[in-house]
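Below, each chain spelled out in residue letters.
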Amino acid sequence: MYEKDFPILKQKVNRKRLIYLDNAATSQKPSQVIQAMNDFYEKDNANVHRGLHELSMRSSFAYEKAHEIVGNFINASEEEIIFTKGTTESLNLLAYTLTKSLKKGDEIILTEMEHHSNIVPWTELAKEKGIKIKVIPLKDYQLDLKKFKLLLTKKTKIVSLTHISNVLGTINPIKEIIKISHKYKALVIIDAAQSISHMKIDVKELDCDFLAFSGHKMFGPTGIGVLYGKKKLLEKLPPFQFGGGMIKEVSFNKTTFNDLPWKFEAGTPNIAEAIGLVKAIEYINKIGLENIQAHNQELTNYAIERLSKIKDLKIIGPKDNQLGVISFYIKDIHPHDVSEFLNGEGIAIRSGNHCAMPLMNILKIQGTNRISLQIYNTTKDIDALIIALNKVKEIFNGWRRRNLQRKHIGSL
C-alpha cells in the first residue's frame, strides 16, 4: 500500500524485486522528503541566522520552524530540541557534558543490550574520571528489573538505555525504569533510534530527562539527529562545541553563549536535512503512528511465526514484547553467507554483530542475521524471505553432503 511512496523500492536488484528489510540500519525516504530537500537547494539555499536578504530569511524561518515541528512530534518545546548529526552525536554530547560534573566513585548504569554508541562514550569518559559503570543484565532477552533495582545507589547519577533493542527487538519498560531511577535522583537518557518511527513517544508523559534519535531511521535524511532535553537541564549544561551561531557576544577575554537551543548548535547546521526531517514527520503524522505501530507489530508477529517453522533456525529475541526487529541464525551456516545469498534474491537484510559486541559475547554467538520492518513491508516480503532461507539451507546442506561423500570416498 505504501511502497509506491518510496521511489527506491521500484528498482530491481539482481533482476529480482527489491525487498528491503534493513530498516533498523536506515529507512527509505518517501518522495515528499526527497522533493523538499531538492526544492530547498533549488529555491531557498542560504545560510541561516546570517543575513537579512530574502533567501537567508526563508531558510532561517524553515530551520527554526523545524525545531517547533519536531518538538510537537514528541510533545516538547522548540527550545528543548537540539539538532545533531544523529543519535550517536546526541549521546556523545550528553556523555561529554554530563560527566564534567561527575566525580570519582559516581555511577552510570547501562544495559547489556546497548548499541556501541551508548556504551563507548560513557566507558571512555568513565575511565578518565574514575566513574563506575554498572550494567543491567538480561533474563530471557529482556531487562532483569529486579537486578536493576539492586544496582541503584545514592551514587547513581545517570541511567542510559535503549527503548527498543536494535538486535533483539525487545521493547524496554522505560516509563517504569524512569520512575525507579528518579527515586534515586538519577538522570535518565533514552536512545529512541529504533522506537521513534514505530510508536508514539511523549517525553512529558514518560518524564525522561533526555531522549535521542536519528532522522534517517524515521523516513528522513541522513546527517540530522535530535537531542531532546528538559529545559532546566539543558540550561545548566555547558556547550559541546564552540563557534558561530552558539554565541551572543565574543571578546578575547570572555564569551557569552546563546539561548537554547542555539547554544548547542555551533556552525552552519544541516538545513536541508532539517527540512527533510519535517517532511518525514508530516508523512508519519498523515499515516498515524498508531497505524504504523499496528502494521509493524502485526508484521513482526507474522515474521516470527513463519521463521519459527524453519528447522535449525533460532530466533534471538523474546518472541513477544518485540517490535520491528528480529534476529536469528541458522545452524552451521554463517550469517554473512545467508546475507550474501539473500542479496542474490533481491532481499536486503543485515548480518554481523549490529554494533552490539558486548551483547554477542554475553549470548556467546558471533553474530546474527537481522530483519527489520517498516510500513512499506508486507507479508509478501516475509513469504519471499522464507522461500529464500529454505533455498539457503538446501544449497548448504547439499554442499555439506557432497563434501562428506568426497571424504568417505577418499578414505576407501
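Refer to the structure presented above.
Values in this document were obtained by computation on a predicted structure and should not be read as measured data. (Residues numbered from 1 in each chain as written. Predicted model: local features only at pLDDT ≥ 70, side-chain atom pairs only at ≥ 80, totals over all residues. Heavy atoms only, no water.)

*Asks:* Please give an account of the pairing of strand E6 (residues 132-136) that cites residues and values.
*Replies:* Where strand E5 (residues 107-111) and E6 come together, five bridges link them in parallel fashion. What sits directly across from threonine 111, in E6, is isoleucine 136. Where the polypeptide runs from E5 across helix H4 (residues 120-129) and back to E6, its parallel neighbour, the crossover connection is right-handed. (Pairing = 2+ DSSP bridges. Helix = DSSP H or I, 4+ residues; strand = E, 2+ residues; numbered from the N terminus. Right-handed = clockwise from strand over helix to strand, strands pointing away.)

*Asks:* Go over the environment of lysine 104 with me, naming the residues and quoting the values.
*Replies:* Relative to the helices and strands, lysine 104 resides in the loop between helix H3 (87-98) and E5. Distance in space between the C-alpha atoms of lysine 104 and phenylalanine 213 is 30 Å, their sequence separation being 109 residues. Setting aside residues no more than four positions away along its own chain, lysine 104 makes contact with Lys129 and Gly130. (Contact = heavy atoms within 4.5 Å.)

*Asks:* Give me the side chain of aspartate 106: which residues, what numbers.
*Replies:* Structurally, aspartate 106 is set in the loop between H3 and E5. Of the polar contacts made by the side chain of aspartate 106, one reaches the backbone nitrogen of lysine 103; its length is 2.8 Å. Setting aside its immediate chain neighbours within four residues, aspartate 106 contacts Ile131, Lys132, Lys155 and Lys157. (Polar contact = N/O pair within 3.5 Å; in protein donor to acceptor, adjacent residues only side chain to side chain.)

*Asks:* Can you break down the sheet that holds strand E9 (residues 156-162) residue by residue, with the values?
*Replies:* Here seven strands make up an open sheet; going across it, the order is E4-E12-E11-E10-E9-E5-E6 and the pairing mixed. The sheet is open, and its two edges are formed by strand E4 (81-84) and E6, each paired on a single side. The mean inter-strand angle of the sheet, taken between neighbouring strand axes irrespective of direction, is 20°. As paired elements, strand E10 (residues 187-191) and strand E11 (residues 210-214) share three bridges and run parallel to each other. Pairing of aspartate 191 across the sheet is with alanine 212, part of E11. In the packing of H3 onto the sheet, the strands contacted are E4, E9, E10, E11 and strand E12 (225-229), and the crossing angle to E11 comes to about 150°. Its contacts with the sheet place H4 against E5, E6, E9 and E10, and it is angled at close to 150° to E6. (Axes fitted to C-alpha atoms, helices over the stretch in contact; angles between N-to-C directions.)

*Asks:* I'd like a rundown of unusual backbone geometry, residues and numbers included.
*Replies:* Negative phi is the rule for most residues except glycine; trans is the rule for most peptide bonds. Of note, the bond from leucine 260 into proline 261 is cis; its omega dihedral lies within 30 degrees of zero at 0°. Relative to the helices and strands, proline 261 is located in the loop between strand E14 (255-257) and helix H9 (271-287). One non-glycine residue, histidine 49, lies in the positive phi region at around 55°. Secondary-structure assignment places histidine 49 in the loop between helix H1 (31-44) and helix H2 (54-74).

*Asks:* Help me get a handle on the packing of aromatic side chains, residues and values and all.
*Replies:* Here the structure, examined in full by the defined rule, presents ten aromatic pairs. Measuring from ring centre to ring centre gives 5.6 Å for phenylalanine 6 and tyrosine 283, while their planes differ by 90°; the resulting arrangement is edge-to-face. Within this pair, whereas phenylalanine 6 is found in the segment before strand E1 (12-13), its partner tyrosine 283 is found in helix H9, the two being separated by 277 residues in sequence. For the residue pair phenylalanine 6 and tyrosine 283, the accessibility class agrees, reading buried in each case. (Phe/Tyr/Trp six-rings, centres within 6.5 Å; stacked < 30°, edge-to-face > 60°. Buried < 20%, exposed > 50% of the residue type's maximum accessible area, 1.4 Å probe, protein only.)

*Asks:* Explain a positive patch on the surface to me, and be specific about the residues and the numbers.
*Replies:* A cluster of basic residues, Lys139, Lys146, Lys147, Lys149, Lys179 and Lys183, forms a positive patch on the protein surface. Contributing elements (two or more residues each) for the positive patch: helix H5 (145-151) and helix H6 (174-183). As for its placement among the helices and strands, lysine 147 is situated in helix H5. A relative accessible area of 45% places lysine 147 in the partly exposed class. (Patch = residues over 30% accessible without salt bridge, like charges linked within 9 Å, V, L, I, M, F, W, Y side chains within 5 Å. Areas by Shrake-Rupley, 256 points an atom, 1.4 Å probe, with all protein chains shown as cover. Salt bridge = Lys/Arg side-chain N within 4 Å of Asp/Glu carboxyl O. Lys, Arg positive; Asp, Glu negative; His and termini not counted. Charge placed at Lys NZ, Arg CZ, Asp CG, Glu CD.)

*Asks:* Lay out the environment of asparagine 301 in plain terms, naming residues and giving numbers.
*Replies:* One can find asparagine 301 in helix H10 (residues 289-308). The exposure class assigned to asparagine 301 is partly exposed, which follows from its relative accessible area of 40%. On a C-alpha basis, the gap between asparagine 301 and valine 338 in space is 22 Å, while along the polypeptide they are 37 residues apart.

*Asks:* Account for empty space enclosed by the protein, naming residues and giving values.
*Replies:* Tallying each qualifying case throughout the model produces two cavities of 30 Å³ or more. Roughly 70 Å³ of volume is contained in the largest cavity. Along its surface, the largest cavity is lined by Val48, His49, Arg50, Tyr63, Gly245, Trp262, Glu265, Gly267 and Pro269. In the lining of the largest cavity, the residues fall into four nonpolar, three polar and two charged. By volume, the second largest cavity amounts to about 40 Å³. Lining the second largest cavity, in full, are Asn23, Ala24, Ser27, Ala193, Gln194, Ser197, His198, Lys217 and Gln374. Within the lining of the second largest cavity, the residues separate by chemical class into two nonpolar, six polar and one charged. (1 Å grid on protein atoms, 1.4 Å probe; cavity = no way out; pocket = protein on both sides within 12 Å on 5 of 7 lines; lining within 4 Å. Points joined across faces, edges and corners; volume = space filled by probe spheres on them. Nonpolar A, V, L, I, M, F, W, Y, C, P; charged D, E, K, R; others polar.)

*Asks:* Any details on the packing of H3 against H4? Residues and values, ideally.
*Replies:* Direction vectors running N to C along H3 and H4 enclose 20°, while the axes themselves pass 9 Å from each other. The angle between H3 and H4 places the two elements in the roughly parallel class. H4 is crossed by H3, and the crossing has right-handed handedness. Where H3 approaches H4, its residues Leu91, Asn92, Leu94, Ala95, Tyr96 and Leu98 are matched on the opposing element by Pro121, Trp122 and Leu125. (Parallel < 35°, antiparallel > 145°, perpendicular 65-115°, else oblique. Left-handed = near helix turned anticlockwise from the far one by under 90°.)

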